[in-house]
Amino acid sequence: MRRADRLFQIVQLIRGRRLSTAEFLSQRLEVSARTVYRDIAALQQQGVPIEGEAGVGYRMRAGFDLPPLMFSKDEAQALVAALRLAQGQLDSVLGRQAEEAMSKILAVLPAPARAAAESLALFAPLTGLDDAMRERLARLREATEDRRKLRLDYLDLAGSASQRTVRPLACYFWGPSWTLAGWCEVREDFRNFRVDRIQALSVLDERFRDEPGKTLADMRRAFEQRDAEANGPA
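Residues numbered from 1 in each chain as written. Predicted model: local features only at pLDDT ≥ 70, side-chain atom pairs only at ≥ 80, totals over all residues. Heavy atoms only, no water.

A. How the structure looks around the overall build of the chain. The helix and strand tally for the chain stands at eight helices and seven strands. What you see for the chain is a C-alpha radius of gyration of 22 Å, clearly larger than the 17 Å of a compact globule of 234 residues, by over 25%. Counting only C-alpha atoms, the chain reaches 60 × 45 × 45 Å along its principal axes. Within the span of the chain, comprising 234 residues, buried residues form 35% of the whole. The contacts of the chain with a sequence gap of at least 6 include a subset with a gap of at least 24, amounting to 59%. Where the 36 positive side-chain charges of the chain centre and where its 33 negative ones centre are 3 Å apart. (Helix = DSSP H or I, 4+ residues; strand = E, 2+ residues; numbered from the N terminus. Rg over C-alpha atoms; globule rule 2.2 N^0.38 Å. Buried < 20%, exposed > 50% of the residue type's maximum accessible area, 1.4 Å probe, protein only. Contact = heavy atoms within 4.5 Å. Lys, Arg positive; Asp, Glu negative; His and termini not counted. Charge placed at Lys NZ, Arg CZ, Asp CG, Glu CD.)

Here it is in structure tokens:
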């Protein structure tokens, strides 16, 4: 990779993340951390508002932007492939917005890239979710974004029914099914709920804020620790 291209990629990577370490950048660009330090110093000298320091991480100061990017033929095909594979498993709102976004992208591509993307011979069925499931998934996603608590009537795999009050943290797709991950106020712990086993769903007016021990990052750490303990030495 030419140095000019590498500098451009560093800007792209840093502005797309809250914090980027030199180790992360060096792995993505396949160069040494020392090269990353030199490149960032060069960018800062040229006036690019990169904040941070070695050993901590880097971020882009708010308000900085670059001219719009143009996708290559391969990148355009990758976007079309991702949309076709995902569209059947998205809720109706996201599915429609993804289709509209792709139309806008294809409209501004150079003719060769647009033709390559539109002729991509890779397809996926659009019948993954029924209308009721799409509507439920949309409500869960919106509640997660709005930070609103949920009340769920839930039926577990053993057939036991329960009512839960949940802080929704994320929706996960596991191939054939979606799950809602959240903090269950009944169990006072993190739980995953199969979306197709939610019998009734109410979005409450009560909002929630991140609290130590109850965030998405905390949940990921807790599940990683459980997996490590379960797969540890006998």
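B. Seen up close, the pattern of salt bridges. Applying the stated criterion across every chain, the model contains 17 salt bridges. Among the ionic pairs, Arg3 bridges to Asp39, the shortest N-O distance being 3.3 Å. In this pair, Arg3 sits in helix 1 (residues 3-15) while Asp39 sits in helix 3 (residues 33-45), placing the two residues 36 residues apart along the sequence. In this structure, Glu145 engages Arg141 in a salt bridge whose closest nitrogen and oxygen atoms are separated by 3.3 Å. Here Arg141 and Glu145 lie together in helix 7 (residues 131-146), a separation of four residues that amounts to about one turn. Put simply, Lys149, Arg167, Glu185, Glu206, Glu211 and Lys214 are held in one network by salt bridges that share partners. (Salt bridge = Lys/Arg side-chain N within 4 Å of Asp/Glu carboxyl O.)

C. How the structure looks around unusual backbone geometry. For Glu30, which is not glycine, the phi dihedral falls at a positive 60 degrees. Summarising the element assignment, Glu30 is placed in the loop between helix 2 (22-29) and helix 3. Positive phi values are uncommon outside glycine, yet Arg147 reaches one of about 60 degrees. Among the structural elements, Arg147 can be located in the loop between helix 7 and strand 3 (148-155). Look at Arg147 and you get partly exposed, because its relative accessible area is 24%.

D. Structural view of the pairing of strand 1 (residues 50-53). Sheet topology note: the strand 1/strand 2 (residues 57-60) ladder contains four bridges and is antiparallel. In the sheet register, Gly52 faces strand 2, and the bridge partner there is Tyr58. Hairpin connection, strand 1 to strand 2: the antiparallel pair is bridged by three residues, and Gly55 has positive phi, about 90 degrees. (Pairing = 2+ DSSP bridges.)

E. Representation of the packing of aromatic side chains in the model. Counting across every chain of the model gives five aromatic pairs. Both rings, one in Tyr172 and one in Trp174, keep their centres 5.9 Å apart while their planes meet at 25 degrees; by these two values the pair is stacked. Note on Phe190 and Phe223: the rings are 6.5 Å apart at their centroids and 75 degrees apart in plane angle, and the pair reads as edge-to-face. Separated by 33 residues along the polypeptide, Phe190 in strand 6 (residues 189-194) and Phe223 in helix 8 (residues 216-230) bring together distant segments of the chain. Its relative accessible area of 4% is what places Phe190 among the buried residues. Through a chain of ring-to-ring contacts, three or more aromatic side chains come together here, namely Trp183, Phe190 and Phe223. (Phe/Tyr/Trp six-rings, centres within 6.5 Å; stacked < 30°, edge-to-face > 60°.)

F. The state of the cysteines, seen in detail. Inspection of the entire model under this criterion finds zero disulfides. No disulfide involves Cys171; its sulfur sits 16 Å from that of Cys184, the nearest cysteine. On the basis of relative accessible area, Cys171 is assigned to the partly exposed category, the value being 26%. (Disulfide = S-S within 2.5 Å.)

G. How the structure looks around the environment of Leu150. As for its placement among the helices and strands, Leu150 is situated in strand 3. Residue Leu150 is classed as buried on the basis of its relative accessible area of 0%. Residues Leu150 and Arg139 lie 11 residues apart in sequence; the distance between their C-alpha atoms is 10.0 Å. Ignoring any residue separated from it by four or fewer positions in sequence, one finds Leu150 in contact with Leu140, Ala143, Arg164, Thr165, Val166, Pro168, Leu180, Leu201, Ser202, Val203 and Leu204.

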